[in-house]
Amino acid sequence: MSMAVIGMVAGMALGFAGYFGGFGAFLLVAALGAVGFVVGRLLEGDLELGDFFRARDNRRR
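No experiment lies behind these values; they were computed from the predicted model shown. (Residues numbered from 1 in each chain as written. Predicted model: local features only at pLDDT ≥ 70, side-chain atom pairs only at ≥ 80, totals over all residues. Heavy atoms only, no water.)

Colleague: What's the story with the overall build of the protein chain in this structure? I'm lost.
Modeller: Along its length, the protein chain carries one helix and zero strands. Relative to its length of 61 residues, the protein chain is extended, with a C-alpha radius of gyration of 16 Å against a globular reference of 10 Å. Considering only C-alpha atoms, the protein chain reaches an extent of 50 × 30 × 20 Å along its principal axes. For the protein chain, the proportion of its 61 residues judged to be buried stands at 2%. Carbon and sulfur atoms form 66% of the exposed surface of the protein chain, whose accessible area is close to 5,600 Å². (Helix = DSSP H or I, 4+ residues; strand = E, 2+ residues; numbered from the N terminus. Rg over C-alpha atoms; globule rule 2.2 N^0.38 Å. Buried < 20%, exposed > 50% of the residue type's maximum accessible area, 1.4 Å probe, protein only. Areas by Shrake-Rupley, 256 points an atom, 1.4 Å probe, with all protein chains shown as cover.)

Colleague: Where do I start with the environment of Ala30 in this structure?
Modeller: Topologically, Ala30 is positioned in helix α1 (residues 3-44). Between the alpha carbons of Ala30 and Ala13 there is a distance of 9.0 Å; along the sequence they are 17 residues apart.

Colleague: Help me out: how do you make sense of a nonpolar patch on the surface in this one?
Modeller: A cluster of nonpolar side chains, namely Met1, Met3, Val5, Ile6, Met8, Val9, Met12, Phe16, Tyr19 and Phe20, defines an oily patch on the protein surface of about 1,200 Å² accessible area. Relative to the helices and strands, Tyr19 resides in helix α1. Overall, Tyr19 belongs to the exposed group, its relative accessible area being 68%. (Patch = residues over 30% accessible without salt bridge, like charges linked within 9 Å, V, L, I, M, F, W, Y side chains within 5 Å. Salt bridge = Lys/Arg side-chain N within 4 Å of Asp/Glu carboxyl O.)

What is shown is where atoms sit, not what they do.
Structure (structure tokens):
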């Protein structure tokens, strides 16, 4: 599936959630979609868990 089709499906899901469930359902669907996106990227190997927990440099600019 192309990224355009995936984006369209995600937009439709958010639209339906917002229309039928209100703003709270819209936020829930958006948050779960973001979590699903990150998990999918982790499973594909595009992201690593260390990317989220990398230590900051102690140097000051």
